[in-house]
Amino acid sequence: MKKNRRIIVYIATSADGYIARPDGDVKWLDRPRPKGNYGMGEFFRTIDTILWGRKTYTKGLEMGMKAGGFGGGIKNYVFSREPQKSGEPGFEWVNEPVKGFAKRLRGEPGKDIFMMGGGGIIASFLDEGEIDEFRISVIPILIGEGIPLVAPRHPAIPLTLTSTEKFPDGVVRLNYRVENRR
Amino acid sequence: MKKKAAARPYLRAIILGVGMSIDGYIARLDGSVDFLFMPKDYSMADFFALIDTAVMGRKTYEVSLKMGGGGFSGSKIATFVFSRTLPAGEREGLHFVKESPTEFVERLRRSSGKHVWLMGGGELARDFLKADLVDELYIGIVPVLLGEGIALFPSGFPQRNFRLAENRTYSKGLIALKYERDRRPERGSA
């Protein structure tokens, strides 16, 4: 049986709902990891593709990210309206419309797809009905202002809570399904 | 070594309780909160048993007046409204105050009593957080992405760490998180 590839937002937010400080800083995420590292290893075994917004990708490069750092055999796509700047190996630049890209990706055999964010690309994919799940790790911290999970949009989208997980350091993961009529 | 936090290490805790969307909004841009709901299996009774005092900002007071509320007159909950413009004093069963949150909390804690519900809005909550007066945080997360709206707090207070005290799931996907303020110095930051 052919398994449908899901596009999954797997992300951390502050308790007040932000994915980064206004300037993109995520130092507040640097905290001692509990044993099991929030099940990230398990999650990475279920995916083979990562989707990046251009700003998140740039921030990642600043922080020393390398394509291979996420495990071998993972394909990385960077969405940008601008022409490709750097030739970082292992990252493929995309500037085609979301719908066509997602349809093609879903048509290829493979594992699930990790939507890294940020808020802009998440909103663009949501608009097209191309996000299947949100897995949000809520960090026990208030940062007061920052970049929201989804870039400003009008329609409210109800999600279905599927499960929650609690980690020893007070991080709570909330798993939601998006009811798309794709 | 990890030690379980002692229950209620402070007299008369200040509890900030809010409901928000998954993306962190407490209201739509026009102020409406139609997306919030109270699941059948959720009861405020346990919470009301903990408190004997409620605190709100002037704007929140005015919104609640329009909605036909305006404090808990007739109940045993003492309600305080913070305002820079309205005269201080007791009127219609409410206590209007002009002092700073710090002065207010110091004064309140001189007399014994139960905990204090900080109802909001965002500006008053921000002022309490800025003065580091929020001891507990109760957040209800409604399973909706609003995409835009009024943020939980207006900007302008330093980072505050909390420890998770409880997480519960109610029907229709409502999440209730309870946190206690973690005032230990920053860990792990070089």
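Residues numbered from 1 in each chain as written. Chains lettered and ligands numbered in written order. Predicted model: local features only at pLDDT ≥ 70, side-chain atom pairs only at ≥ 80, totals over all residues. Heavy atoms only, no water.

**Student:** Lay out the interface of chain A and chain B in plain terms, naming residues and giving numbers.
**Tutor:** On the side of chain B, 35 residues touch chain A, which itself brings 37 residues to the contact. It is A:P140, A:L142 and A:L161 in chain A that bury the most area against chain B; as a group they hold 19% of the surface buried on that side. The interface formed by chain A and chain B holds seven residue pairs in polar contact (both at pLDDT 80 or more) in total. Mapped by element, the contributors of at least two residues to the side of chain A that touches chain B are β7 (133-139), β8 (141-142), β10 (157-166) and β11 (172-178) of chain A. Here the residues of the side of chain A that touches chain B are counted per class, giving 26 nonpolar, five polar and six charged. Across two bridges, the pairing between β10(A) and strand β9 (residues 144-145) of chain B is antiparallel. When the bridges of β9(B) are listed, A:I157 appears paired with B:L145. (Contact = heavy atoms within 4.5 Å. Buried area = accessible area lost by both parts, 1.4 Å probe. Polar contact = N/O pair within 3.5 Å; in protein donor to acceptor, adjacent residues only side chain to side chain. Helix = DSSP H or I, 4+ residues; strand = E, 2+ residues; numbered from the N terminus. Nonpolar A, V, L, I, M, F, W, Y, C, P; charged D, E, K, R; others polar. Pairing = 2+ DSSP bridges.)

**Student:** Account for empty space enclosed by the protein, naming residues and giving values.
**Tutor:** Which parts of space are left empty comes out when a probe the size of a water molecule is rolled across the atoms. Residues and elements named next belong to chain A. By the definition in use, this model includes one cavity of 30 Å³ or more. Of the voids in this model, the largest cavity is the one considered here, and its volume is about 50 Å³. At the level of secondary structure, the elements contributing two or more residues to the lining of the largest cavity comprise β1 (7-14) and β7. Taken together, the residues of the lining of the largest cavity break down into seven nonpolar, three polar and no charged. (1 Å grid on protein atoms, 1.4 Å probe; cavity = no way out; pocket = protein on both sides within 12 Å on 5 of 7 lines; lining within 4 Å. Points joined across faces, edges and corners; volume = space filled by probe spheres on them.)

**Student:** Can you break down the packing of aromatic side chains residue by residue, with the values?
**Tutor:** Residues and elements named next belong to chain A. Tallied over the full model, the rule gives 23 aromatic pairs over all chains. When the centroid spacing of 5.1 Å and the interplanar angle of 75 degrees are considered together, the rings of Y77 and F101 count as edge-to-face. In this pair, Y77 sits in strand β4 (residues 75-79) while F101 sits in helix α3 (residues 98-107), placing the two residues 24 residues apart along the sequence. Residue class for Y77 comes out buried when judged on its relative accessible area of 4%. (Phe/Tyr/Trp six-rings, centres within 6.5 Å; stacked < 30°, edge-to-face > 60°. Buried < 20%, exposed > 50% of the residue type's maximum accessible area, 1.4 Å probe, protein only.)

**Student:** Pulling in residues and values, what's your account of the side chain of A:N175?
**Tutor:** By the element assignment, A:N175 lies in strand β11. Excluding residues that lie within four positions of it along the chain, A:N175 makes contacts with A:F134, A:R135, A:T160, A:L161, A:T162, A:S163 and A:E165.

**Student:** Just give me the short version of the environment of B:E136, but keep the residues and values in it.
**Tutor:** All names here are of chain B. Within the secondary structure, E136 is located in strand β8 (residues 136-142). We classify E136 as buried; its relative accessible area is 3%. Along the sequence, E136 and A45 sit 91 residues apart, while their C-alpha atoms lie 18 Å from each other.

**Student:** Tell me what's going on with the nonpolar core, and back it up with residues and numbers.
**Tutor:** One finds A:L51, A:F125, A:F134, A:L149, A:Y176 and B:F128 to be the most contacted residues of the largest nonpolar core, which totals 66 residues. Tallying contributions element by element places helix α4 (residues 119-127) of chain A first for this core, with five residues. Contacts of A:Y176, omitting those with residues within four sequence positions, involve A:D132, A:E133, A:F134, A:I136, A:L159, A:T160, A:L161, A:T162, B:I22, B:I141, B:P143 and B:I175. The next biggest cluster of nonpolar side chains, apart from the first, holds 16 residues, and it includes A:Y10, A:I50, A:M65 and A:I74. (Core = buried A, V, L, I, M, F, W, Y, C linked by side-chain atoms within 4.5 Å.)

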